[in-house]
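Structural characterization, general
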Amino acid sequence: MASASAFGQTATLDDLFARLKTADKAESQRITQDIWIEWSKSGSPAMDLLLERGRNAMAHGAPEVAIEHLTALIDHDPEFAEGWNARATAYYQTGNLGPAIADIGQVLTLNPRHFGALAGLGAIFEELDKPSEALEVYRAALAINPHADGVDQAIRRIETKLQGKDL
């Protein structure tokens, strides 16, 4: 059975999210980093190693290898949201948007506060030319993390695009 952190629900995370709501830009960057660290703790050294190997493979331009490591992680601990999130990113890097969306769905089921997964879904919806859906999930990400990297710019970009269509 997965730990509470696998579901994105711990007292530490609750505190970090509460602080994130009122943090300035600099403090929010530190808090966001701390949230990612908490999300990355599976509670198992073996699962943490698979996550690290998957992330390293992506960083070295080998998303197919990352998918193998992350699939093994998910097979062993399907309740660890960050395994699904990392594999969604790897699928996105290979252009497999359907599997990426499916994995993001698993992330958000396990960890509804995962602003990174929401932002990723927004990017996919933009790529699929679904601006209304992208706008909805970007706004949801921003509601959770008011300083999420690039999300406010994405919202402005889509709003501008949608206003142009209304003219």
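Below is a summary of the structure that appears in this document. Values in this document were obtained by computation on a predicted structure and should not be read as measured data.

**Some points on the overall build of the chain**
In terms of helices and strands, the chain carries nine helices and zero strands. Each helix and strand of the chain, placed in order from N terminus to C terminus, yields the pattern α-α-α-α-α-α-α-α-α. For 167 residues, the compact-globule formula gives about 15 Å, and the C-alpha radius of gyration of the chain, at 16 Å, lands near that figure. Overall, the chain is about 55 × 35 × 25 Å in size when its C-alpha atoms are taken along their principal axes. Looking at the chain as a whole, 43% of its 167 residues are labelled buried. The contacts of the chain with a sequence gap of at least 6 include a subset with a gap of at least 24, amounting to 51%. Of the roughly 8,500 Å² of accessible surface on the chain, 55% is carried by carbon and sulfur atoms. Within the chain, the 24 negative side-chain charges are centred at a point lying 4 Å from the centre of the 15 positive side-chain charges.

**Some thoughts on unusual backbone geometry**
Phi is mostly negative for residues that are not glycine, and the peptide bonds are mostly trans. Positive phi is not limited to glycine here, since Asp129 has a value of about 55°. With respect to the element layout, Asp129 can be found in the loop between helix 7 (115–127) and helix 8 (131–144).

**Brief notes about the packing of aromatic side chains**
The full count for this structure, using the stated rule, is five aromatic pairs. Centroid distance Trp36 to Trp39: 5.1 Å. Interplanar angle 80°. Geometry classified as edge-to-face. Taken together, the residues span about one helical turn, with Trp36 and Trp39 both in helix 2 (residues 25–39) at a distance of three residues. Under the relative-accessibility criterion, Trp39 is labelled buried at 2%.

**Digging into the nonpolar core**
Core analysis: the largest hydrophobic core is formed by 47 residues, its most contacted members being Phe17, Ile35, Leu70, Leu73, Phe115 and Tyr138. Ignoring any residue separated from it by four or fewer positions in sequence, one finds Ile35 in contact with Leu13, Leu16, Phe17, Leu20 and Phe115.

**Quick word on helix 1 (residues 11–22)**
Across its 12 residues, helix 1 extends 18 Å between first and last C-alpha, which sits within 8% of the 16 Å expected from 1.5 Å per residue. When we look at burial in helix 1, the residues that qualify are Leu13, Leu16, Phe17 and Leu20. The buried residues of helix 1 occupy one face: seen down the axis, they fall within an arc of 100°. Facing away from the buried surface of helix 1 by more than 90 degrees, the exposed residues are Ala11 and Thr22.

**Some remarks on helix 6 (residues 97–110)**
An α-helical segment advances 3.6 residues per turn. Residues three or four places apart therefore align on the same side. Between its first and last C-alpha atoms helix 6 spans 20 Å; for 14 residues at 1.5 Å apiece the expected length is 20 Å, and the two agree. For helix 6, every residue scored as buried is listed here: Leu97, Ala100, Asp103, Ile104, Val107 and Leu110. Projected onto a plane normal to the axis of helix 6, the buried residues spread over an arc of 140° and lie on a single side. Where the residues of helix 6 are buried, they touch helix 5 (81–93) and helix 7.

**Some words on the pattern of salt bridges**
A full pass over the atoms with the stated rule returns nine salt bridges. For Arg139, the salt bridge goes to Glu159, with nearest N and O atoms at 2.7 Å. With a gap of 20 residues between them, Arg139 in helix 8 and Glu159 in helix 9 (residues 151–166) connect regions that are remote in the sequence. Residue Glu159 is classed as partly exposed on the basis of its relative accessible area, which comes to 29%.

**Some points on the environment of Glu52**
For Glu52, the location among the structural elements is in helix 3 (residues 45–59). Classification of Glu52 as partly exposed rests on a relative accessible area of 45%.

**Quick word on the packing of helix 7 against helix 8**
Contact geometry for helix 7 and helix 8: axes closest at 8 Å, N-to-C directions at 160°. Between helix 7 and helix 8, the angle falls in the class roughly antiparallel. For the crossing formed where helix 7 meets helix 8, the hand is left-handed. Contact with helix 7, carried on its side by Phe115, Leu118, Ala119, Leu121, Gly122, Ala123, Phe125 and Glu126, involves Glu133, Ala134, Val137, Tyr138, Ala140, Ala141 and Ile144 of helix 8 and no other residues of that element. Here the contact of helix 7 with helix 8 is composed, by residue class, of 12 nonpolar, one polar and two charged.

Cut-off values and rules
Residues numbered from 1 in each chain as written. Predicted model: local features only at pLDDT ≥ 70, side-chain atom pairs only at ≥ 80, totals over all residues. Heavy atoms only, no water. Helix = DSSP H or I, 4+ residues; strand = E, 2+ residues; numbered from the N terminus. Rg over C-alpha atoms; globule rule 2.2 N^0.38 Å. Buried < 20%, exposed > 50% of the residue type's maximum accessible area, 1.4 Å probe, protein only. Contact = heavy atoms within 4.5 Å. Areas by Shrake-Rupley, 256 points an atom, 1.4 Å probe, with all protein chains shown as cover. Lys, Arg positive; Asp, Glu negative; His and termini not counted. Charge placed at Lys NZ, Arg CZ, Asp CG, Glu CD. Phe/Tyr/Trp six-rings, centres within 6.5 Å; stacked < 30°, edge-to-face > 60°. Core = buried A, V, L, I, M, F, W, Y, C linked by side-chain atoms within 4.5 Å. Expected span 1.5 Å × (residues − 1). Arc of directions from axis to C-beta. Salt bridge = Lys/Arg side-chain N within 4 Å of Asp/Glu carboxyl O. Axes fitted to C-alpha atoms, helices over the stretch in contact; angles between N-to-C directions. Parallel < 35°, antiparallel > 145°, perpendicular 65-115°, else oblique. Left-handed = near helix turned anticlockwise from the far one by under 90°. Nonpolar A, V, L, I, M, F, W, Y, C, P; charged D, E, K, R; others polar.

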